[in-house]
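Fold and contact review
For reference, the chains in residue letters:
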Amino acid sequence: MASSISVTLSLLSVIFLVSSTCTTSASTDEQSFLLCLAGRFPTATHLTSVVYTHNSSSYDSVLQFSAQNPYLSSPSALKPLYIITPRYERQVQASVICSKLHGLQIRVRSGGHDYEGLSYLSSEPFVILDLINYRAIDINVKDRTAWVQAGAILGELYYKLGETSGTLGFPAGVCTTLGLGGHFSGGGIGLSMRKYGLSIDNIIDASIVDVNGNVLDRKSMGEDLFWAIRGGGAGSYGVVLSWKIKLVEVPPTVTVFTVSRTVEEGATRLMTIWQNVAPQLPDELVIRVILQATRRGENSTVQASFNSLYQGSVQDLLSVMRRSFPELGLKSEDCQQMSWVESTMYFDGFPSGSPREALLNRTKSGRNSFKATSDFVTKPISEDGLRGIWGKLLEEERGLMIFEPLGGKINAVSETETPFPHRRGNLYNIQHYVNWEAGANAQRYLNWIRSLYSFVTPYVTQAPRAAYLNYKDLDLGRNNEGPNTSYATASVWGLKYFKGNFRRLALVKGRVDKDNFFRNEQSIPPLMA
């Protein structure tokens, strides 16, 4: 009896330290939730180092550190009751179990780049499970595999690969501050995808905490759930702790270039040719295009920047370009040779000469607010259509469009093998994007990008008009009342992201989380067989 009383007093003292100030004590509900956590943590004192309440001095800084889209964090936005930053598996399990027991929604944040802020915003009482401290990376060079925890960012993975081997890489995104947890679970588009496939095509195991707090690997979760979390949005099914990835062999030296042409310099013709050529190029070569209005003296024009990664030497690249895309006029002086890891810094816009350690930075200075959405294209856009796009871009100089060619290894995988269905038959995807500085009129930019999205309707996929899950857009099926619970309602956006795979995703959800505990405004709803 004395021992039991001692433990209880210890837990209550920890709760007091976490949740009270000199003038305000925790409510009964808070005490109950924190007592639940403390009883399940490895030791009670761990609670004070990983749980933040509104009364914690670091609460606001922890909340905002990984909030990558400032305009979403308005003063009126509901804030989480608690932010939990686990370091151990058991702490994640406790967070899930206690949130469920106390009727709190849980949002999981790995890097905070989700475009609509769904990893740190909610319309109902909630807890943020922030995996910022859960980011170990263990590389097995001999087997060419790695276990990566979900809170690591792409930059940390790229850095570790560069430190470990000069010839091992992994196909993933351009933005190095992306959290692996969300990026992998949504598909993982990147500049190496034509050669090696998407990130999800190279995932061979995972560890996930399910709705009951159990830790499951691929064998224990079953192939249906393993299928769903690789491209279907893992946050609908549980909390992914870590991924086992298959590393790829990259050459010691790669070649990059960026060649820009304005409309007056023939950008319209080059874009027409690019649409037919880019998806058919050798798998080693990817050329994406960034379109944006720019100032030239007194006038504005549209500039197309052809931004490329080639898995080989400059001379080999020039030979390929002379055969396949001579109209671009690529010259050796346009090209730079570097290691594969250095190329990840080049494409993320690091200043030339930046130390490799810069990849370890989880945030970048000067974060602007932004809004984005996406499309897929199966037929080349006509020159008339391109000229219409030039007009839309000239309306807003802070807007841009990124065209990313598909094909290659992406097409070698059927559209049902993973939830990501946008494979054979698609020429490229487009990201429509606009950003603005603090204090600007956000509605102006939101109106513009919605107008652009409407304008390109005749030129993109139809029935459904496809979209990429990692470029999440609540406009595709807005539900202002909170998380979707209806399969029919969710189908409005679900078919855009997943096409015919959406029903299977919902059936998996119905099997593993029938009460829809893991949910957000665009999570997979449960469907019973």
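Everything below is about the structure printed above this text.
Now for a quick tour of the structure. What you see is a predicted model, and the numbers here were worked out from it, not measured in a lab. (Residues numbered from 1 in each chain as written. Predicted model: local features only at pLDDT ≥ 70, side-chain atom pairs only at ≥ 80, totals over all residues. Heavy atoms only, no water.)

This brings us to the pairing of strand S4 (residues 126–130). With 5 of 5 residues buried, S4 lies mostly within the body of the structure. Neither face of S4 is left uncovered, since the one carrying Phe126, Ile128 and Asp130 and the one carrying Val127 and Leu129 both have all their residues buried. As defined by bridge partners, strand S2 (residues 82–84) adjoins S4 across 3 bridges and the pair is classed as parallel. By the bridge assignment for S4, Ile83 is matched with Ile128. In terms of strand pairing, strand S3 (residues 105–109) meets S4 through 5 bridges, oriented parallel. The residue of S4 that forms the bridge with Val108 is Leu129. (Buried < 20%, exposed > 50% of the residue type's maximum accessible area, 1.4 Å probe, protein only. Helix = DSSP H or I, 4+ residues; strand = E, 2+ residues; numbered from the N terminus. Pairing = 2+ DSSP bridges.)

Right, let's talk about the nonpolar core for a bit. Counting residues in hydrophobic clusters, the biggest one holds 78 residues, and the most contacted among them are Val148, Leu157, Phe184, Ile229, Tyr237, Trp243 and Ile245. In terms of nonpolar packing, the next biggest core, distinct from the first, is built from 47 residues, Ile273, Ala304, Val320 and Leu330 among them. (Core = buried A, V, L, I, M, F, W, Y, C linked by side-chain atoms within 4.5 Å.)

Attention now moves to the pairing of strand S18 (residues 428–436). Counting buried positions over the 9 residues of S18 gives 8, a clear majority of the element. Where strand S16 (residues 369–377) lies against S18, 9 bridges are found, and the strand directions are antiparallel. Looking across to S18, one finds that Thr373 is bridged to His432. In terms of strand pairing, strand S17 (residues 399–405) meets S18 through 7 bridges, oriented antiparallel. What sits directly across from Ile402, in S18, is Gln431.

It is worth spelling out the environment of Asp316 at this point. With respect to the helices, strands and loops of the structure, Asp316 is situated in helix H12 (residues 314–324). Separated by 59 residues in the primary sequence, Asp316 and Asp375 have C-alpha atoms spaced 32 Å apart.

Strand pairing in a sheet takes place through backbone hydrogen bonds and is either antiparallel or parallel in direction. Reading across the sheet, the 5 strands line up as S5-S6-S10-S8-S9 and stay open at both edges, with antiparallel pairing between neighbours. Of all the strands in the sheet, the pair left with one neighbour each is strand S5 (137–140) and strand S9 (215–216). Lying on the sheet, helix H5 (residues 89–101) is in contact with strand S8 (203–209), S9 and strand S10 (239–246); it crosses S10 at an angle near 135°. Along the sheet face, helix H6 (residues 154–164) touches S5, strand S6 (145–149) and S10 and points at about 35° away from the line of S5. (Contact = heavy atoms within 4.5 Å. Axes fitted to C-alpha atoms, helices over the stretch in contact; angles between N-to-C directions.)

Right, let's talk about the environment of Leu393 for a bit. Assignment of secondary structure puts Leu393 in helix H14 (residues 383–395). For the pair Leu393 and Leu452, spaced 59 residues apart in sequence, the C-alpha to C-alpha distance is 8.2 Å. The residues touching Leu393, leaving out its near neighbours within four places in the chain, are Leu291, Gln292, Ala293, Val302, Gly399, Leu400, Met401 and Trp448.

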